[in-house]
Every structure is written in C-alpha cells, then in structure tokens.
Amino acid sequence: MDSLEEKTLYEEELYRGRIITVKRHRVRLPDGRESWREVVEHPGAVAVLPVLHDGRLLLVRQYRKAVEEVLLEVPAGKLDPGEAPEAAARRELWEETGLEAEALQFLFSFYTSPGFADERIFLYLARISQLGPQRPAALDADEFVQPVTITLEEGMRWLAEGRIRDAKTVAALQAWYIMRREK
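Residues numbered from 1 in each chain as written. Predicted model: local features only at pLDDT ≥ 70, side-chain atom pairs only at ≥ 80, totals over all residues. Heavy atoms only, no water.

Explanation requested: the nonpolar core in the structure shown.
The nonpolar side chains of a soluble globular protein tend to be buried, and buried together. If you look at the biggest cluster of nonpolar residues, it comprises 24 residues, and the most contacted ones within it are Leu49, Leu57, Leu59, Ile164 and Trp176. Among the elements of the structure, strand 4 (45-52), strand 5 (57-64), strand 8 (103-111), strand 9 (120-128), helix 2 (152-161) and helix 3 (167-181) are those that each provide at least two residues to this core. Among residues more than four places away in sequence, those in contact with Leu59 are Leu49, Leu72, Glu73, Val74, Gln146, Pro147, Val148, Ile150, Ile164 and Thr169. If you look at the next biggest cluster of nonpolar residues, it comprises 15 residues, including Leu93, Leu104, Phe122 and Ile128. (Core = buried A, V, L, I, M, F, W, Y, C linked by side-chain atoms within 4.5 Å. Buried < 20%, exposed > 50% of the residue type's maximum accessible area, 1.4 Å probe, protein only. Helix = DSSP H or I, 4+ residues; strand = E, 2+ residues; numbered from the N terminus. Contact = heavy atoms within 4.5 Å.)

This is the structure:
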C-alpha cells in the first residue's frame, strides 16, 4: 500500500439542511476492498478568543441542543458562502458580544471531527480595548447567548475540572495559555 487514500466510487446525498449536508460514499480502500463512509459536509466556521485590555477573556454561555446543556464557549459561528474567515471572525465577535477587535490575529485552523465531518474551524485571537454592551438585535433570531468574563487562570482551572468541554474553546484557551507562557 503506497497510498492511504480512499477513492470514492459512488456517493449519494441523504440529507440537506440549513447548516449541514449528509452524504454516503462507497469507497475503494487502499487494499482494494470496498466500504461505506458517511460524511457530514459543513461550510466551515470561525472561533474567536476575545482578550480584554486588562487580560480577562470574554466567553459566552449558550444552550446546545445536541448535548442538552448550556456550554461556556468562545464566540463562534459558521462561514457564510464566499465569506473570508477573518471577516466572519469580526462579524461573529460583533454579533455575539457587541465588540470590535482592535487587532485580530489568526492562530490556526483545525478539523472538529474528521472521522465523519469536514468542518474546519479557523481560530482567531481578538484584542479588545473597550467593552461595550451586547447587541441582542445583532444575534440570529434563534440565538441566545450570555457573555461571561473570566481570567485565563479560571479558564485553565475550569478545563481541568471539566466545566469547559467545548472543543474549540479548549483549543483556544490552551493556545492562549501556551502563548502567554512563551512571553
């Protein structure tokens, strides 16, 4: 086996929704056998870790139906068609927190669950010089979030205690922790 790639022989769309599409692929495996793969297609997303002028971090509390609980997360959202990740990061930050980034720094991108989904999240760090009021009118009609400010130390402790379980938030906090330590 020179290659680990799987060649798609056939694909069918099982479901098309507002955010995702689910497809089933018949693939040829590297050893020549065939198998099925179920793939969730997603337009991609952005996540933003807002760092306030005093070093505190701004997260949001949001109910997530898929896990039936309120999670503490970095502001985030999906990319609109043709939208550049940086523009989406600025838009999501403003929509969810009412804040504008003084400086926006791309950190890295990652796949959330590559075993079955192609969703790629672009993670940014936003420097915020001034807090402003949240603008509820900027949120999507079906979106409800509550801003929460924490210190990095609280965030790391909450990670260790299992109070923060959202993957993009875990990645953002760990990245910021490493960046702070390297200074």
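Here the narrative resumes.
Looking at this structure, I do not really get the packing of helix 2 against helix 3. What am I missing?
It is the contact of helix 2 with helix 3, at a shortest axis distance of 10 Å, that shows an interaxial angle of 130 degrees. For the element pair helix 2 / helix 3, the angle class is oblique. For the pair helix 2 and helix 3, the sense of crossing is left-handed. Where helix 2 approaches helix 3, its residues Leu152, Gly155, Met156 and Leu159 are matched on the opposing element by Val170, Leu173, Gln174, Trp176, Tyr177 and Arg180. Each residue belonging to the contact of helix 2 with helix 3 can be placed in one class, and the counts come to 7 nonpolar, 2 polar and 1 charged. (Axes fitted to C-alpha atoms, helices over the stretch in contact; angles between N-to-C directions. Parallel < 35°, antiparallel > 145°, perpendicular 65-115°, else oblique. Left-handed = near helix turned anticlockwise from the far one by under 90°. Nonpolar A, V, L, I, M, F, W, Y, C, P; charged D, E, K, R; others polar.)

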